[in-house]
Structure formats: C-alpha cells, structure tokens
Amino acid sequence: MAASLQRIGIVACRTFPVNLQRHLQAQRIRDVRITSIVAPVHRVNYCASSSSADNTNSAETLSRYADTPWEYLKSEEYIERYGTKPVWTNYRRNHKGGIPPQKTRKTCIRGDKKCANPCPICRDPNIIIHYKNVNLLQQFFCPETGVVHDPTVTGVCMKQQKLLSKAIETAKDFGLLRAQFAHVDFTKEDYSNTHGAVTTTPPPFPLSSGELWYSWYGSIKPDERELARVKRIYKDYLKPEV
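Residues numbered from 1 in each chain as written. Predicted model: local features only at pLDDT ≥ 70, side-chain atom pairs only at ≥ 80, totals over all residues. Heavy atoms only, no water.

**Observations regarding the overall build of the protein chain**
Next, step 1: Along the protein chain, the regular secondary structure elements total six helices and two strands.
Next, step 2: Counting from the amino terminus, helix and strand elements in the protein chain follow one another as α-α-β-β-α-α-α-α.
Next, step 3: By residue count, 18% of the 242 residues in the protein chain fall in the buried class.
Next, step 4: When contacts within the protein chain are restricted to residue pairs at least 6 apart in sequence, those whose partners lie at least 24 apart make up 62%.
Next, step 5: Of the roughly 20300 Å² of accessible surface on the protein chain, 57% is carried by carbon and sulfur atoms. (Helix = DSSP H or I, 4+ residues; strand = E, 2+ residues; numbered from the N terminus. Buried < 20%, exposed > 50% of the residue type's maximum accessible area, 1.4 Å probe, protein only. Contact = heavy atoms within 4.5 Å. Areas by Shrake-Rupley, 256 points an atom, 1.4 Å probe, with all protein chains shown as cover.)

Okay, here's the thing in structure tokens:
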C-alpha cells in the first residue's frame, strides 16, 4: 500500500509541471487574443494622439517666426540670449589642437542629424535668413565697406554663408541695406591742375600741304598683291580714279 501511494505521488509530481505549463500557455494565448481585440485600438489612438501632439508642438516651434523672422530679434527671448551683440560673438567651435581649422564645415544639419556644435545660425531654429530680416543681415557684413564677414570669423557653415550672401545682395537690390562709407574731407589741391603731370593738351603744330603728320608714315609701302586684293573686294564702293 505504501509503495502504491509512493508511485502515485511520483507520477503526480512528474505530471503536475506539465499540466501547469499547459494551463499557463493556454491562459497566455487567451490573454493575447483578448488584448489583440481590445487593447490595440486604445494603443493606436494614444500613439496617434501623442504623435499628432508632438507634430503640432514642433510645427508651432518651427513656424513661430517662419512668416516674420525679423520679429524674433525684437523679442525678449532674443535679448535675454544674445543681448545687443551679434549672434556669432560668443560662438566657439570645438576642434582638436590649439590651431582652429581654416575652413568651416559644409553644413551642420545632414538629413535629420545635427552635429555636436552647430554654427550660430543652425543652433537656433528661430534665426531664419531672409532678405527682409535686415537686423540679422547687418551683423554679418562691415557697415563701412559693405564686405561680408568671412565664415572663419563668424563660424557660420558654408551652406548658411551662401544663403547670407544671397540675402544681403537681394536686400541691397531692394534698397533695404546701404553700405555707409566713412566721410573723408578733401581740399581743392586734390583737384587742381597745378601739378606737372596734369596739364592741358598742347595745340597741334601747323602742317604744310603734302606734309604728313608722322614722318615715318611716308616710308611705308603696301604690298601690291594685298592692295590689289582689297581693291577687288571693295571695287563697288571705290570711286573711279580720275
């Protein structure tokens, strides 16, 4: 009797994990079926709502000054961040060694990836290059000579540098920008003709009849063949010899 009970206990212990595993697997399949019917609807709606909210937020941040980029330079946010200095004043590019590179990078944003230390324009999405954004364009050229600052001075990438040069030229064409040259006082001596190199043209000397203006011109004898060829070409236009 004791041996039979022992066998029954051994068989039950061996079969119980198998039955428990089958029961858990069936319960798992049942839960998956239920969640596949009910849960994905809420999950998709939540993801869609969250993604739409992120898109609207990103669109708002990008389009905040997209239509009127010149208003950003008058906002408190810009004054608090840059003050009265140009946007490239406190910019320092990361580079290896003590000597900075002689050229700036081609672009700071490649696809959806932005470099670690973008240029002064690429790092701030509110700074938009436009030919009507005069206050921004004035920061990138010399007011006395009108020469655009080199990108090694401002740290701007080459892509933004090309857009800046084009916007400055367009603004000058529309009369929105004007180069202010330094005033220089002049005296009348600068425009006088008292200098030896500045004199009036002497009058021509008189020539007698038959005398040539240049003495060496009479010694030139044209080629007979070339002269005959020219006469043959322009014979319809030449006056008959008397």
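**Digging into the packing of aromatic side chains**
Next, step 1: Within the structure shown, the criterion is met by four aromatic pairs.
Next, step 2: With centroids separated by 5.5 Å and ring planes inclined at 75 degrees, the aromatic side chains of Tyr72 and Tyr78 adopt a geometry described as edge-to-face.
Next, step 3: Accessibility expressed as a relative area gives 0% for Tyr72, which makes it buried.
Next, step 4: Between Tyr78 and Tyr82, the ring centres sit 4.9 Å apart and the planes meet at 40 degrees, which makes this aromatic pair tilted. (Phe/Tyr/Trp six-rings, centres within 6.5 Å; stacked < 30°, edge-to-face > 60°.)

**Overview of the state of the cysteines**
Next, step 1: Per the stated rule, a full pass over the model turns up zero disulfides.
Next, step 2: Just so you know, Cys115 is unpaired, no disulfide at all, and the nearest cysteine sulfur is the one on Cys108, 4.2 Å from it.
Next, step 3: Its sulfur unpaired, Cys157 is 3.8 Å from the next cysteine sulfur, which belongs to Cys119.
Next, step 4: For Cys157, a relative accessible area of 0% corresponds to the buried category. (Disulfide = S-S within 2.5 Å.)

**Here we look at the environment of Tyr65**
Next, step 1: Secondary-structure assignment places Tyr65 in the loop between α1 (2-62) and α2 (76-82).
Next, step 2: Residues Tyr65 and Asn126 lie 61 residues apart in sequence; the distance between their C-alpha atoms is 6.3 Å.
Next, step 3: The residues touching Tyr65, leaving out its near neighbours within four places in the chain, are Glu71, Tyr72, Ser75, Glu77, Asn126 and Ile128.

**A look at the side chain of Gln139**
Next, step 1: Along the polypeptide, Gln139 turns up in the loop between α3 (134-137) and α4 (151-154).
Next, step 2: Taking relative accessible area as the criterion, Gln139 reaches 14% and is therefore assigned buried.
Next, step 3: Side-chain polar atoms of Gln139 contact the side chain of Tyr78, separated by 3.0 Å.
Next, step 4: If we skip the residues at most four places from it in the chain, Gln139 touches Leu73, Tyr78, Pro86, Val87, Trp88 and His149. (Polar contact = N/O pair within 3.5 Å; in protein donor to acceptor, adjacent residues only side chain to side chain.)

**Remarks on the pattern of salt bridges**
Next, step 1: Evaluated as defined, the whole model comprises three salt bridges.
Next, step 2: Between Arg64 and Glu77 there is a salt bridge, with its nearest N and O atoms 3.7 Å apart. Taken together, the residues Arg64 in the loop between α1 and α2 and Glu77 in helix α2 connect sequence positions 13 residues apart.
Next, step 3: Judged by relative accessible area, which is 54%, Arg64 ranks as exposed.
Next, step 4: By relative accessible area, Glu77 is classed as partly exposed at 35%.
Next, step 5: Ionic pairing is found between Arg81 and Asp124, a salt bridge with its closest N-O pair at 3.3 Å. Within this pair, whereas Arg81 is found in helix α2, its partner Asp124 is found in the loop between β2 (113-114) and α3, the two being separated by 43 residues in sequence.
Next, step 6: With a relative accessible area of 2%, Asp124 lands in the buried category. (Salt bridge = Lys/Arg side-chain N within 4 Å of Asp/Glu carboxyl O.)

**Here we look at the nonpolar core**
Grouped burial of nonpolar side chains is what soluble globular proteins tend to show.
Next, step 1: In this structure, Val87, Ile121, Leu137 and Phe140 are the most contacted members of the largest nonpolar core, which totals 25 residues.
Next, step 2: Every element with two or more residues in this core is listed here: α2, α3 and α5 (158-173).
Next, step 3: Broken down by element, this core gets its largest block of residues, four residues, from α5.
Next, step 4: Apart from residues no more than four positions distant in its own chain, Val87 is found in contact with Tyr78, Tyr82, Pro120, Arg123, Ile127, Leu136, Gln139 and Phe140. (Core = buried A, V, L, I, M, F, W, Y, C linked by side-chain atoms within 4.5 Å.)

**Things to note about the confidence of the model for the protein chain**
Next, step 1: Mean pLDDT over the protein chain: 76, with 67% of residues reaching 70 or higher.
Next, step 2: Predicted confidence for residues 34-61 stays below pLDDT 50, and this span has three contacts to residues more than four positions away or in other chains. (pLDDT = per-residue confidence, 0-100.)

**Some thoughts on α5**
Next, step 1: Taking 1.5 Å of rise per residue, 16 residues should cover 22 Å, and α5 covers 23 Å from first to last C-alpha, within 8% of that figure.
Next, step 2: Within the sequence span of α5, burial applies to Gln160, Gln161, Leu164, Ala167, Ile168 and Ala171. An end-on view of α5 places all buried positions within 130 degrees of arc, on one side of the element. Residues of α5 that are exposed and angled more than 90 degrees away from the buried face: Lys162, Lys166 and Asp173.
Next, step 3: Buried positions along α5 lie against α3 and α4.
Next, step 4: Phi turns positive, to about 80 degrees, at Gly175, one or two residues after α5. (Expected span 1.5 Å × (residues − 1). Arc of directions from axis to C-beta.)

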